[in-house]
Amino acid sequence: MQRERITLEPAFVLHHREYRDTSRILDVFSARHGRLTLFARGARGPKSKLASLLMPFRPLLVSWTGRGDAAQLTGAEGDGEPLSLPARQVLSAFYLNELIIHLTTRHDPQPQLFEDYGRTLRRLCVEAQPEPALRVFEKRLLESIGYGLELDVVPEASYQYRPSQGLSEVREDAPGAYAGRCLLALREESLDDVQTLDVARRVLRQALDHCLEGRELRTRTVARSMTRRGNAS
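An account of the accompanying structure is given in this report. Treat the numbers as computed from the prediction; the structure is a model and nothing was measured.

**Considering the sheet that holds strand E6 (residues 158-162)**
Spatially, E7-E6-E8 is the arrangement adopted by the three strands of the open sheet, whose pairing is antiparallel. Each edge of the open sheet is held by one strand with a lone partner, namely strand E7 (166-170) and strand E8 (178-179). Where E6 and E7 come together, five bridges link them in antiparallel fashion. Opposite Tyr161, over in E7, you have Leu167 as the bridge partner.

**Structural notes on the pairing of strand E2 (residues 23-30)**
Taken across its eight residues, E2 has eight buried, putting it largely inside the fold. Because side chains alternate across E2, one face comprises the buried residues Ser23, Ile25, Asp27 and Phe29, and the other comprises Arg24, Leu26, Val28 and Ser30, equally buried. A loop of three residues connects strand E1 (residues 5-19) with E2, the two strands running antiparallel in sequence, and Arg20 in this loop sits at a positive phi of about 55°. Note that E2 and strand E3 (residues 34-40) share seven bridges and pair antiparallel. Residue pairing across strands places Ser30 opposite Gly34, the latter belonging to E3. Between E2 and E3, which pair antiparallel in sequence order, lie three residues.

The rules behind these values
All chains use their own residue numbering, which begins from 1 and follows the written sequence. Local features in this predicted model are restricted to residues of pLDDT 70 or higher, and side-chain atom pairs are both shown and tallied only at a pLDDT of 80 or more, whereas totals for entire chains, interfaces and linings draw on every residue. Neither water nor hydrogens contribute to the side-chain values; these are computed over all heavy atoms in the structure. Strand pairing is assigned whenever DSSP identifies at least 2 bridges connecting the two strands. Elements are defined by DSSP. Helices are runs of H or I of four residues or more, strands are runs of E of two residues or more, and each kind is numbered from the N terminus. We call a residue buried when its accessible area falls under 20% of the maximum for its residue type, exposed when it is over 50%, and partly exposed in between, using a 1.4 Å probe and counting protein chains only.

Okay, here's the thing in structure tokens:
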């Protein structure tokens, strides 16, 4: 089988871990090849030119050779200016990475999701509150993997959401009822008030938890721990 050679593919590192003495294994999200694993030989240590480059949230152009899960990184360079994430937004950015790692399939091209991911990171760099950007990304991620919410609702009505059935109209005072106007705002990605953001967070959480099938995200655990410490202080 001919070895595949890819040159200067737009990509982001989602996660990396040490491999042997001087190398790394990279989880990479690329524009035209989806999520894949790359072996980066010699990418660690003080003399490595790639050590500071192959980090999460840095727009990259990467090159590799090989197929499947044994591809070898052959080169990498920055793709424009590095993103400047404020410290308070770093956990939110790692949350995006976890969602992609857990909910996308390897080697499944997702060019629109790749674009949405980059746009969301840029929003996190400049917006004071991360929630609107995160909710829009969650919505678009669900759409990209085939679990998008059907949000054809009436603004005056109320709805419950069940992952296996979708939305069904209920009384306004029913447990877990969502206001139709807030669901429509989510459909239009216009999350401009506290109630709309709360509805978006809860209904998207239901849909994502269904897709995660009981898997816990580390970023959620860390966020809960930080909230408890903040409340205790």
